[in-house]
There are 2 protein chains.
Amino acid sequence: MNTENTPTPIPPTAPHTPLRILVVGTGAIGGYYGAQLAKAGAQVTTVHRSDFAAVRDQGIHIDGLRGSYHFRPAQVLRRVADYDGFPDYILVCLKVLGNIDTAEIIRPAVGPATTIVLLQNGVEIEEEVAKKFPHNELLSGLAFVCLSRTTPGHISHTCYGHLTIGRYPSGPSQAAERLAETFEAAGTDCPVTETIAWERWKKLVWNAAFNPISVLGQATTREILSHPATAQLVRRTMTEVCCIATAAGYPLTDAIVQKNLDATQRIKPYKTSMLLDYLSGRSMEVEAILGNAIQVAKRYQVAVPCLETVYALLSLFTQQLATRRQDDSLQ
Amino acid sequence: MNTENTPTPIPPTAPHTPLRILVVGTGAIGGYYGAQLAKAGAQVTTVHRSDFAAVRDQGIHIDGLRGSYHFRPAQVLRRVADYDGFPDYILVCLKVLGNIDTAEIIRPAVGPATTIVLLQNGVEIEEEVAKKFPHNELLSGLAFVCLSRTTPGHISHTCYGHLTIGRYPSGPSQAAERLAETFEAAGTDCPVTETIAWERWKKLVWNAAFNPISVLGQATTREILSHPATAQLVRRTMTEVCCIATAAGYPLTDAIVQKNLDATQRIKPYKTSMLLDYLSGRSMEVEAILGNAIQVAKRYQVAVPCLETVYALLSLFTQQLATRRQDDSLQ
């Protein structure tokens, strides 16, 4: 763990100065949580790649659990470097993929007092950013939410919505408290934790099981659980994640496995984010969700045959998919 | 094991009477080996479902390793019951699927002196037929061949071609010797074994690894082996099959795993039969190739996490595929 991360104290803000937020990677997650912060009075700017024109012209429409609402960012940018000055917070909602260098993408907008918030999937995803910005406060966050980007500038919100944030790698954080208060003011539960790495492992229990199985089986959560062999596989995979986490110093017991299974039975049939990515032809976060966990298992010599099998198959599948898409684009 | 299988002695045949063969399930395997027996002078009748009209009108064209050749069956039938009398041998080349009752399909043509030959994939596939025809000689056979049915009545033969046959469950067999001589006369190697069940496990080492991985990864043998994580998965799955076989009384060591890997590296990139079935929208032999082996593992309490994971994913995948195809056909 990085224990040398010594954050610069947050400078006091005048009571009526709105928080300046820059959302980088404004897909469903970035659009939704950016909108929440704007609701609470923050000045939220968004950076887009594919949806730039749609959002510049029409803002972001969210078809929410409690009716629809519309979010018009303070500014809509194509590039991080176009941001004027430095924001109080950079909310990083980029996917965690091998070919994305998060630190270099956000660098132009990271000022001396900017807090970086990684609202991303997976485990052990923070170290690179922590190393490159050793003097900035680094928060790590988890979103518990069912969202999908239906068309450019349109997001559908179907369940949950809360966040957990905390200082990376651990400990208290004033910057986290302030951001959490803003989310809470918009009605989004956002507990602050002093053990965010542990929370990442807890969330991975669900993600490492349902995401890859949903893609390889082309199935919803309901379909996965209604098939006895895959229901058993889900349980085993979750148990393996608990074993890795426990070995790495974040104890998780079978109780969390049962809790995850029960909760999934209760929600509507759900397409995982990885399945939605696959169905839309987008890249999948195979390394952040499976590869990193398997690396930790190797480090602590934990046997994870189910995770390794699922990982091997999904890696092959995504590689073949990329080859076919490349072939198609060359024709 | 069934040790009560007391075969009726084969009645002597006049030297110039051709063997009467009925091929049931005339896909690539049935068409190819039926043609071999006909080459050696046997009177070969074929039963077809989908390719009946094409084969009745034009016979079977085989694009072979040593040039093309043409096989015109003695008779081309739609149903087993249309066969006149009883053949010396029924060569069963049907797929092993849960909804196919092989014994009932062949029953109309099983005479008192008919030898039944199951030329099919998987392990533990013979018991049902053995029980229903306790007084007939039952042979079990394995085909080591790369074939594909390209269009109705056309078969492409790309590598190998030998068979292994033997009495089920074990022991010597005059009927096996006579059939083997006929194959050998046509240039097809056909050793007779007294331990066919053991041979089935040996063949399963390759089949249980490459077939499901090729479908889940949508990949050829070469692509599977060039990806380190799946190359390791192939090795592990093969090792698990060896452990089951050994526990069941058919010792297999790691040497066979290495031999299979080396041989696969040497052949051209190959689409497994299960992948070809998937790509053509045909049913896959998931139970014969994986489900039965896992049942044996449970019986002997052998841990097979990789096989179970692959089996669970493939079962879910095939179930989802069937649902989607049904939905498509209803639209």
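Heads up: the structure comes first, above all this text.
Residues numbered from 1 in each chain as written. Chains lettered and ligands numbered in written order. Predicted model: local features only at pLDDT ≥ 70, side-chain atom pairs only at ≥ 80, totals over all residues. Heavy atoms only, no water.

*Asks:* Would you mind going over the packing of aromatic side chains with me for this structure?
*Replies:* Each aromatic ring pair is summarised here by two numbers: the centre-to-centre distance and the angle between the ring planes. The final tally for this structure, using the stated rule, is 10 aromatic pairs over all chains. Between Tyr33(A) and Phe183(A) the ring centres are 5.9 Å apart and the planes differ by 85°, which places this aromatic pair in the edge-to-face class. Of this pair, Tyr33(A) sits in helix α1 (residues 28-39) while Phe183(A) sits in helix α5 (residues 174-185), and the two are 150 residues apart along the sequence. Across this residue pair, the class does not change: Tyr33(A) and Phe183(A) are buried. Geometrically, the ring pair formed by Tyr278(B) and Phe317(B) is tilted, given 5.4 Å between the ring centres and 50° between the ring planes. Of this pair, Tyr278(B) sits in helix α10 (residues 273-279) while Phe317(B) sits in helix α12 (residues 305-330), and the two are 39 residues apart along the sequence. An aromatic cluster is built from Tyr32(A), Tyr33(A) and Phe183(A), whose rings are joined through pairwise contacts. In this arrangement the basic side chain of Lys202(A) is found over the ring face of Trp198(A), its NZ or CZ atom lying 4.8 Å from the centre. (Phe/Tyr/Trp six-rings, centres within 6.5 Å; stacked < 30°, edge-to-face > 60°. Helix = DSSP H or I, 4+ residues; strand = E, 2+ residues; numbered from the N terminus. Buried < 20%, exposed > 50% of the residue type's maximum accessible area, 1.4 Å probe, protein only. Lys NZ or Arg CZ within 6 Å of the ring centre and 35° of its normal.)

*Asks:* I'm lost on the relation of the copies chain A and chain B in this one. Help?
*Replies:* In this arrangement, two copies of a chain are superimposed by a rotation about an axis accompanied by a shift along the axis. For the pair chain A and chain B, the best superposition has an RMSD of 0.0 Å and corresponds to a rotation of 180° with a translation of 0.0 Å parallel to the axis. What we have between these two chains is a two-fold relation. In this assembly the copies share their binding face: 100% of the residues contributing to the interface of chain A also contribute to that of chain B. (Least-squares fit on C-alpha atoms with pLDDT ≥ 70 in both. Contact = heavy atoms within 4.5 Å.)

*Asks:* What am I meant to see in the state of the cysteines here?
*Replies:* Disulfides are covalent bonds that link the sulfur atoms of two cysteine residues. Residues and elements named next belong to chain A. Summed over all chains, the structure comprises two disulfides over all chains. Each disulfide pairs two cysteine sulfurs, and for Cys146 the partner residue is Cys159, the sulfurs being separated by 2.4 Å. In this structure, the disulfide formed by Cys146 and Cys159 twists by about -55° around the S-S bond and is classed as left-handed. With a gap of 13 residues between them, Cys146 in strand β8 (residues 138-151) and Cys159 in strand β9 (residues 154-167) connect regions that are remote in the sequence. (Disulfide = S-S within 2.5 Å.)

*Asks:* What should I look at first to understand the pattern of salt bridges in this one?
*Replies:* It is possible for side chains bearing opposite charge to pair when their charged atoms get close. All names here are of chain A. Evaluated as defined, the whole model comprises 28 salt bridges over all chains. Salt-bridge contacts for Lys132 lead to Glu128; the nearest nitrogen and oxygen are separated by 3.8 Å. One end of the pair, Lys132, and the other, Glu128, are both in helix α4 (residues 127-132), four residues apart, so they sit about a helical turn from each other. Residue classification places Glu128 among the partly exposed positions, given a relative accessible area of 46%. Taken together, the shared-partner salt bridges in this structure form one network comprising Asp101, Glu104, Arg107, Glu128 and Lys132. (Salt bridge = Lys/Arg side-chain N within 4 Å of Asp/Glu carboxyl O.)

*Asks:* Is there a simple way to think about the interface of chain A and chain B in this case?
*Replies:* Bring the parts together and some accessible area is lost; that lost area is often taken as the interface size. Each partner contributes to the interface: chain A provides 26 residues, whereas chain B provides 26 residues. When chain A packs against chain B, close to 2300 Å² is buried across both sides, 64% of that on carbon and sulfur atoms. At the junction of chain A with chain B, the criterion picks out two salt bridges. The closest approach of N and O atoms between Glu308(A) and Arg236(B), which form a salt bridge, is 2.7 Å. Applying the counting rule to chain A against chain B returns eight residue pairs in polar contact (both at pLDDT 80 or more). Counting only elements with at least two residues in the side of chain A that touches chain B, the list comes to α6 (196-217), α7 (221-226), α8 (228-247) and α12 (305-330) of chain A. (Buried area = accessible area lost by both parts, 1.4 Å probe. Polar contact = N/O pair within 3.5 Å; in protein donor to acceptor, adjacent residues only side chain to side chain.)

*Asks:* Help me understand the environment of Asp277(A), please; the structure alone is not making it clear to me.
*Replies:* All names here are of chain A. Mapped onto the secondary structure, Asp277 falls in helix α10 (residues 273-279). A relative accessible area of 8% means that Asp277 is categorised as buried. On a C-alpha basis, the gap between Asp277 and Val215 in space is 9.3 Å, while along the polypeptide they are 62 residues apart. Ignoring anything within four residues of it in the chain, the contact list for Asp277 reads Lys95, Arg282, Ser283 and Met284.

*Asks:* Looking at this structure, I do not really get a negative patch on the surface. What am I missing?
*Replies:* On the surface, Glu177(A), Glu181(A), Glu184(A), Asp189(A) and Glu194(A) cluster together to form a negatively charged patch. Looking at the element boundaries, Glu194(A) is found in the loop between β10 (192-193) and α6. (Patch = residues over 30% accessible without salt bridge, like charges linked within 9 Å, V, L, I, M, F, W, Y side chains within 5 Å. Areas by Shrake-Rupley, 256 points an atom, 1.4 Å probe, with all protein chains shown as cover. Lys, Arg positive; Asp, Glu negative; His and termini not counted. Charge placed at Lys NZ, Arg CZ, Asp CG, Glu CD.)

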